[in-house]
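What follows is each chain in one-letter form.
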Amino acid sequence: MNRIILLGRLVRDPEVRVTPTGKTACTFTLAVDRPFTAKDGQREADFIPIQTWNKTAEICGNSLSKGQRALVEGRLQIRSFDGKDGNKHYMTEVIADWVEFIERKGYGSNPAAGQKKPEPEKQGFERFGQDVTHDSDFQFDEEVPF
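Residue positions within a chain follow its written sequence, with the count starting from 1. Confidence filtering applies because this is a predicted model: local features only for residues at pLDDT of at least 70, side-chain atom pairs given and counted only at 80 or more, and all residues used for totals across whole chains, interfaces and linings. Side-chain numbers here rest on the full set of heavy atoms in the structure, without hydrogens or water.

Before going further, it helps to examine the nonpolar core. Soluble globular proteins tend to pack their nonpolar side chains together in the buried interior. With 16 residues, the main nonpolar core has Leu 6, Phe 28, Leu 30, Ile 50, Leu 64, Val 72 and Val 99 as its most contacted residues. Elements represented by at least two residues in this core include exactly β1 (4-10), β3 (24-37), β4 (43-53), α1 (54-63), β5 (69-82) and β6 (88-101). Per the convention used, a helix needs a DSSP run of H or I reaching at least four residues, while a strand needs a run of E reaching at least two, with both numbered from the N terminus. Of the residues forming this core, the biggest block, four residues, is contributed by β3. By definition in these notes, contact holds between two residues if any of their heavy atoms fall within 4.5 Å. When residues no more than four places from it in sequence are discounted, the contact partners of Leu 6 are Leu 30, Val 32, Ile 48, Ile 50, Ala 70, Leu 71, Val 72 and Val 94. The definition of a nonpolar core used throughout is a set of buried Ala, Val, Leu, Ile, Met, Phe, Trp, Tyr and Cys residues joined through side-chain atoms within 4.5 Å. Three exposure classes are used, based on accessible area relative to the maximum for each residue type with a 1.4 Å probe and protein chains only: buried under 20%, partly exposed in between, and exposed over 50%.

This is the structure in structure tokens:
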């Protein structure tokens, strides 16, 4: 089985193109942190090229931008080609079947100087009402009926 799941940040804005046969392709590079630090204490990352096709490519091209986090699921592909220098070259990339946007466009880790990073949209139960269990004005005086 050839499945790969990656979580990382886009190194640059995605590039979208249309093939001569009319298929949409989108490529971008994902910087994925390694699970350990180097000798100097700095985190290292791998820069992994990602390729998407068709509707997924269109959505990625319109929705992703540099610095944004994305979760990618797909397959690893290694292909070879003959370069202009006459040597055989190898390219390793991920062909993404599914991409999830972890941050909305414009919510990257480096907002422009002087701008406050917008609050992320609440997810799940957080968006329903207000938590009163920690509110000092709230007192629960009823007894439990059982």
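This next bit is on the environment of Ser 80. One can find Ser 80 in strand β5. Each C-alpha atom of the pair Ser 80 and Met 91 lies 6.1 Å from the other, and the pair is eleven residues apart in sequence. Ignoring anything within four residues of it in the chain, the contact list for Ser 80 reads Lys 88, His 89 and Tyr 90.

All right, on to the pairing of β3 then. As paired strands, β1 and β3 are joined by two bridges and run antiparallel to one another. Paired with Arg 9 across the bridge in β3 is Ala 31. A strand pair is defined by DSSP finding two or more bridges across the two strands. The pairing of strand β2 (residues 15-18) with β3 spans four bridges and is classified as antiparallel. Residue pairing for β3: Val 16 is matched across the bridge by Cys 26. Taking the residues between adjacent antiparallel strands as the criterion, β2 and β3 are bridged by five residues, where Gly 22 takes a positive phi near 90 degrees. Across ten bridges, β3 lies against β4 in antiparallel orientation. The residue of β4 that forms the bridge with Thr 27 is Gln 51. Connecting the antiparallel pair β3 and β4 is a turn made up of five residues, with Gly 41 showing a positive phi of about 90 degrees.

Residue-level confidence of the predictor is summarised by pLDDT, bounded by 0 at the bottom and 100 at the top. In the predicted model, the protein chain carries a mean pLDDT of 81, and the fraction of residues at 70 or more is 71%. Here residues 108-117 is modelled with pLDDT under 50, and outside its nearest four sequence neighbours on either side it reaches nine contacts, counting other chains as well.

Once that is clear, we can look at the pairing of β1. Pairing of β1 with β5 involves six bridges; the strand directions are antiparallel. Bridging from a neighbouring strand, Leu 6 pairs with Val 72 of β5.

Before going further, it helps to examine the pattern of salt bridges. Each reported salt bridge corresponds to a side-chain nitrogen of Lys or Arg within 4 Å of a carboxyl oxygen of Asp or Glu. One pass over the structure, following the stated rule, counts six salt bridges. With a shortest N-O distance of 3.1 Å, Glu 73 and Arg 3 are connected by a salt bridge. Of the two residues, Glu 73 sits in strand β5 while Arg 3 sits in the segment before β1, which places them 70 residues apart along the sequence. Note on Arg 3: relative accessible area 40%, which makes it partly exposed. A salt bridge links Arg 3 to Asp 97; the nearest nitrogen and oxygen atoms lie 2.8 Å apart. Of this pair, Arg 3 sits in the segment before β1 while Asp 97 sits in strand β6, and the two are 94 residues apart along the sequence. Relative accessible area serves as the criterion here: at 43%, Asp 97 is assigned to the partly exposed category. Residues joined by salt bridges that share partners form a network here, namely Arg 3, Glu 73 and Asp 97.

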